[in-house]
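Spelled out, the chains give:
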2 protein chains.
Amino acid sequence: MRKSSSTNLENELLINGNCGMAYTLDLIGGRWKPSILYKLLKGSTRYSQLRKTMPAVSERILILQLRELESDGVISRTVFPEVPPRVEYQLTDLGKSLEPVLRVLSDWGDANRV
Amino acid sequence: MRKSSSTNLENELLINGNCGMAYTLDLIGGRWKPSILYKLLKGSTRYSQLRKTMPAVSERILILQLRELESDGVISRTVFPEVPPRVEYQLTDLGKSLEPVLRVLSDWGDANRV
DNA sequence: CAGTATCCTAACCGATACTG
DNA sequence: CAGTATCGGTTAGGATACTG
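Residues numbered from 1 in each chain as written. Chains lettered and ligands numbered in written order. Predicted model: local features only at pLDDT ≥ 70, side-chain atom pairs only at ≥ 80, totals over all residues. Heavy atoms only, no water.

Chemist: Mind showing me how you'd approach the sheet that holds strand 2 (residues 75-80) of chain A here?
Modeler: Within a sheet, each strand pairs with its neighbour through backbone hydrogen bonds, oriented either parallel or antiparallel. All names here are of chain A. Spatially, 1-3-2 is the arrangement adopted by the three strands of the open sheet, whose pairing is antiparallel. Among the strands making up the open sheet, the edge pair consists of strand 1 (45-46) and strand 2. Bridging between strand 1 and strand 3 (residues 86-91) involves two bridges; their strand directions are antiparallel. What sits directly across from Arg 46, in strand 3, is Glu 88. Across the sheet, helix 3 (residues 33-40) lies against strand 1, strand 2 and strand 3, angled at about 90 degrees from strand 3, the strand it touches most. Contacts between helix 5 (residues 59-71) and the sheet are confined to strand 2 and strand 3, with strand 2 contributing the most and set at about 110 degrees to the helix. (Pairing = 2+ DSSP bridges. Helix = DSSP H or I, 4+ residues; strand = E, 2+ residues; numbered from the N terminus. Contact = heavy atoms within 4.5 Å. Axes fitted to C-alpha atoms, helices over the stretch in contact; angles between N-to-C directions.)

Chemist: Please explain the interface of chain B and chain A as it appears in this structure.
Modeler: The extent of an interface is frequently quoted as the accessible surface area lost upon association of the parts. Residue-level contacts link 36 residues of chain B with 36 residues of chain A. Both sides together, the interface formed by chain B and chain A hides about 3500 Å², and carbon and sulfur atoms give 69% of it. When residues of chain B are sorted by the area they lose upon contact with chain A, Met 21, Trp 108 and Arg 113 of chain B head the list and together hold 22% of the total. Scanning the region where chain B abuts chain A turns up zero salt bridges. Taken together, the connections running from chain B to chain A amount to eight residue pairs in polar contact (both at pLDDT 80 or more). Every element with two or more residues in the side of chain B that touches chain A is listed here: helix 1 (9-14), helix 2 (20-28), helix 3 (33-40), helix 6 (93-97) and helix 7 (99-112) of chain B. Considered class by class, the residues forming the side of chain B that touches chain A number 21 nonpolar, ten polar and five charged. (Buried area = accessible area lost by both parts, 1.4 Å probe. Salt bridge = Lys/Arg side-chain N within 4 Å of Asp/Glu carboxyl O. Polar contact = N/O pair within 3.5 Å; in protein donor to acceptor, adjacent residues only side chain to side chain. Nonpolar A, V, L, I, M, F, W, Y, C, P; charged D, E, K, R; others polar.)

Chemist: Got a minute to help me understand the relation of the copies chain B and chain A in this structure?
Modeler: Here the two chain copies are tied together by a rotation about an axis and a shift along that axis. Expressed as a screw operation, the relation of chain B to chain A combines 0.0 Å of axial shift with a rotation of 180 degrees, fitting to an RMSD of 0.0 Å. Taken together, the rotation angle and the small translation identify this as a two-fold axis. When each C-alpha of chain B is compared by its distance to the rotation axis, Gly 29 of chain B comes out closest, at 3.4 Å. The share of interface residues of chain B whose copies in chain A are also at the interface is 100%, consistent with both copies meeting through the same surface. (Least-squares fit on C-alpha atoms with pLDDT ≥ 70 in both.)

Set out below in structure tokens:
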């Protein structure tokens, strides 16, 4: 859905009838982004914890999706200067504002899937 | 986001944490599906009319997205036995039930895009 | 622990010519 | 009018080995 970088969102819109729906979908529509966001709704989470609960995704992809969410301002990344290193991901305010959106998507899916 | 055919939705879910969100996103998350659904919210629409309002999408892709929405039960296709042929697309009941979902997505996008 | 680097596949999307 | 057919490009996603 996404073209390449997250700076293409505007472009995306223009060719898509200038519809805000496309913007939202482009933000949360990645292959693993729903799962990530869903987990982060429950609070700040370590990288290793995300990995553990999503064994099907490869490391590269998980990082990639996290980076995209981060550069789109939906989540933020906190590095704790410890040994061994600790990194936690959490929703930004923008990310938190997505909660009703995510919930509607989740509810509709739960209600209508076979 | 989608694997290949629309019959893979269940599979999709299993690897995605069994989250209904992924199901919904897979249904409406195609490149042009938001635009299509948005237009169909206003009522039954001819193929040629869809084409006209979405000049950026190629015929093959438009048809493909329509077929996917159709096989997922979100829209239906009515052929009128006339010359020249007329085909109209409209939301099914399932499709109509998506309206609140689409609206939330649209509203959030309009409110938060730059 | 939390990532990169490298290489690879397949899905998705597109232009254009043609047809019932 | 409403599509197919054919071919081809781009990019999202993935497996695996390695590193600060």
